[in-house]
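# Coordinates in review
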Amino acid sequence: MAPAGALLAELEGRVEGHRDGHGFIVPDSGDPIVYLAPQEMRSVLHRDRVRVRIVRHDRKGRPEGRVLDIVARAKAPIIGRLLHEGGQWLVAPEDRRYGQDILIPKNATASAAVGQVVSVELTETPSLHAQPVGRVAEVLGEIDDPGMEIEIAVRKYEVPHRFSSETLAQAAALPDRLRATDRRHRVDLTDVPLVTIDGEDARDFDDAVYCEPHHGGKGKKAFKGWRLVVAIADVSHYVKPDEPLDRDAYERATSVYFPRRVIPMLPEKLSNGLCSLNPEQERLSMVCDMLVAEDGHIAAYQFYPAVILSHARFTYTEVAAILANTRGPEAARRADLVPHLLHLHEAYRALLKHRASRGAVDFDTTETQIVCDDNGRIERIVPRVRTEAHRLIEETMLAANVCAAEFISSHEHPALYRVHEGPTPERRAMLQGYLKALGIVLPLSDDPSPGEMQAIAQAVRERPDAQQIHTMLLRSMQQALYTAINSGHFGLAYEAYAHFTSPIRRYPDLLVHRVIKALLAERRYHLAPSDLTRKPEVRKGGKPAPRHGKPMSQEMEVWEAAGAHCSANERRADEASRDVEAWLKCRFMREHLGEEYAGTVSAVAGFGLFVTLDALYVDGLVHITELGGEYYRFDEARQELRGERTGVRYAIGTRVRVQVSRVDLDGRRIDFRLVRDGDAEALLARGRAGRAPAQATAVAELAEVKGKDRRAKATAREHKAKKPGAKHAAGKAAAGKARARR
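As the structure is a computational prediction, the values presented were derived from the model and not from experiment. (Residues numbered from 1 in each chain as written. Predicted model: local features only at pLDDT ≥ 70, side-chain atom pairs only at ≥ 80, totals over all residues. Heavy atoms only, no water.)

## A few points about the packing of helix α4 (residues 244-252) against helix α13 (residues 507-520)
For the pair α4 and α13, interaxial distance at closest approach is 9 Å and the crossing angle is 130°. It follows that α4 is oblique to α13 by the angle criterion. In contact with Asp246, Ala249 and Tyr250 of α4, α13 contributes Tyr507, Leu510 and Arg514. (Axes fitted to C-alpha atoms, helices over the stretch in contact; angles between N-to-C directions. Helix = DSSP H or I, 4+ residues; strand = E, 2+ residues; numbered from the N terminus. Parallel < 35°, antiparallel > 145°, perpendicular 65-115°, else oblique. Contact = heavy atoms within 4.5 Å.)

## Here we look at the pattern of salt bridges
If you walk through the whole model with that rule in mind, you get 51 salt bridges. Between Asp509 and Arg506 there is a salt bridge; the shortest N-O distance is 2.9 Å. A relative accessible area of 0% places Asp509 in the buried class. When the shortest N-O distance is used, the salt bridge between Asp671 and Arg662 registers 3.3 Å. Here the salt bridges do not stand alone but share partners, grouping Arg19, Arg96, Arg662, Asp664, Asp666, Arg669 and Asp671 into one network. (Salt bridge = Lys/Arg side-chain N within 4 Å of Asp/Glu carboxyl O. Buried < 20%, exposed > 50% of the residue type's maximum accessible area, 1.4 Å probe, protein only.)

## Some remarks on helix α3 (residues 165-173)
Among the residues of α3, Thr167, Gln170 and Ala171 are the ones counted as buried. Along the long axis of α3, the arc covered by the buried residues comes to 100°, so they all point the same way. More than 90 degrees from the buried face of α3, the exposed residues found are Ser165, Ala172 and Ala173. Buried residues belonging to α3 abut α4 and α5 (268-274). (Arc of directions from axis to C-beta.)

## Quick word on the sheet that holds strand β29 (residues 649-651)
Spatial ordering of the open sheet is given by β27-β28-β29, a layout of three strands whose pairing is antiparallel. Every interior strand has two partners, whereas the edge strands, β27 (632-635) and β29, have only one. Adjacent strand axes in the sheet meet at a mean angle of 20°, parallel and antiparallel pairs treated alike. (Pairing = 2+ DSSP bridges.)

These figures come from the coordinates and say nothing about function on their own.
Structure representation (structure tokens):
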């Protein structure tokens, strides 16, 4: 039971709606989330800010609240399908967390047709006795239009996708090529054979690299290693503080990547033109010039502005082929540059050796890539292959980033660091229980080091469930973020780490460039406060930032607010990208209803199993009700469901066979049905006893399963439509039917 005083506690927070009608309050204070009953949710909407009072606690001590006051209504438009039911116009929100349909007066439909996707602005807010009322502000088009899922996502997550007229005018006024004034006080590196190495579909090139052997000194001071040059696009030369270009870039904070489309942080003239290190074109850059020793440590470095000229645009595939066969056709076409690539590979191997010596974490996880057709629909999903070329560029970028962080911290100048913290005590305990349940008895201290985590990853590398264990190790760690307080990067085992290498697509990198330029000029860079910054967010379970008992200075508060803004927008970009990918996968899987696939349990929860299909790389849920007619208990330590009667266990890594049973496009959810050995045997027996050949029997059986699914869905829709007050559900059903780093 909670203390009596806790029942009267009042707090403010953000409303998080749930598709089932209830909701939660995420308190500003970082306190535990507060449950809101469906009745309380009638007067508020998802993303509103409210003040609530704690009125009771459930048996597990979780608080339930009552809304006292609405502090601020969410200003974001609501995206949904326009419907006409019972003589009324309404919009069924695409995001089910809103929980209520929006009534639309007949003169506020903006000429939208029934079934079209629209953006709605509220004119009357909801109350206990009335639905919200709004007007159609924008007609997005038909749900099947190519790219509609992206149009929905950018509005649903409030991703800025249109540049201001002032920003476009400023970009248009920039010169098309370098001027004499642009070259002043810069080192001329146009004769150095720098090259870019990126993916086949890359359009903006923000880094170029070059490497050569370097020997110097005598006796004990003798040095043997490599000179590694990393040149990064000098975006800060064109994007000045508090100008339109800068304000739009800060608001976005990052480029957002969708399949077949990018919402860039900077206008195309900069991102694909002036700032992009295109081959055979002179470009302004900031250079990190390093000496890498044979053991992989960085013996010396310097930063300076330069003019460069990329001598070639390589792809990862080309470089991997050259490194694998220096006498092959790819190497023959680039014979003059092959020696430099080989030196680059030697320096990379040294950096990799140093990475291992400091205990940096390196997990084996499978990333996938969606390949779309000309209409933007999924053609196939393939694993993303990481070659030596990918790792080579990653390691050289890490080297430049750590030099940037060390340079700034050595001058004690405020900036944004990329901070990554290790496991919280709760996550460490869960990980320890999971490893113990698997019989892995490697040490894990109360405050684990990166070396301990890497030792576990190495020890299990040959196990059949290695990838699942690596995934659990990764989940035990916290999310990386931007902050003014440097507390190191756990995963990479760096004491200080900053992002320097991608200023075209990340605003924190642009800020780091400005700080380095200021320090080179022996001055300080002062970050101006912005209306767009938000207060630093309290991360649940996060370690308190070390303040040494001193209050944060006003300057540091501004930097910390900028870090919180960039971190929040990075998460927003990730959520929008995942939402689009989930929509595309649901659309893709609707064509595979009734089909059976082998898969692996990728996550376990009290309500069921998440399974990843081997052939398609798609995730879905096997609900606990599909596991059989017995009670299953969720073991959090072992991350498994165990049947109390039979003792059958389903854990991460368990191999299963499933059938695609349901696809909910609106809810972005795919449901599987477990196929047991007995089911297969029964099917085989019917095939042997049947009147048709085995192949025909199997085809007929599959057709029968699909037919049953279709009939069951039709019956369910008709049943829901007949229920009183079922407008919302009917509208959703109609909507569903109409829709098919580094």
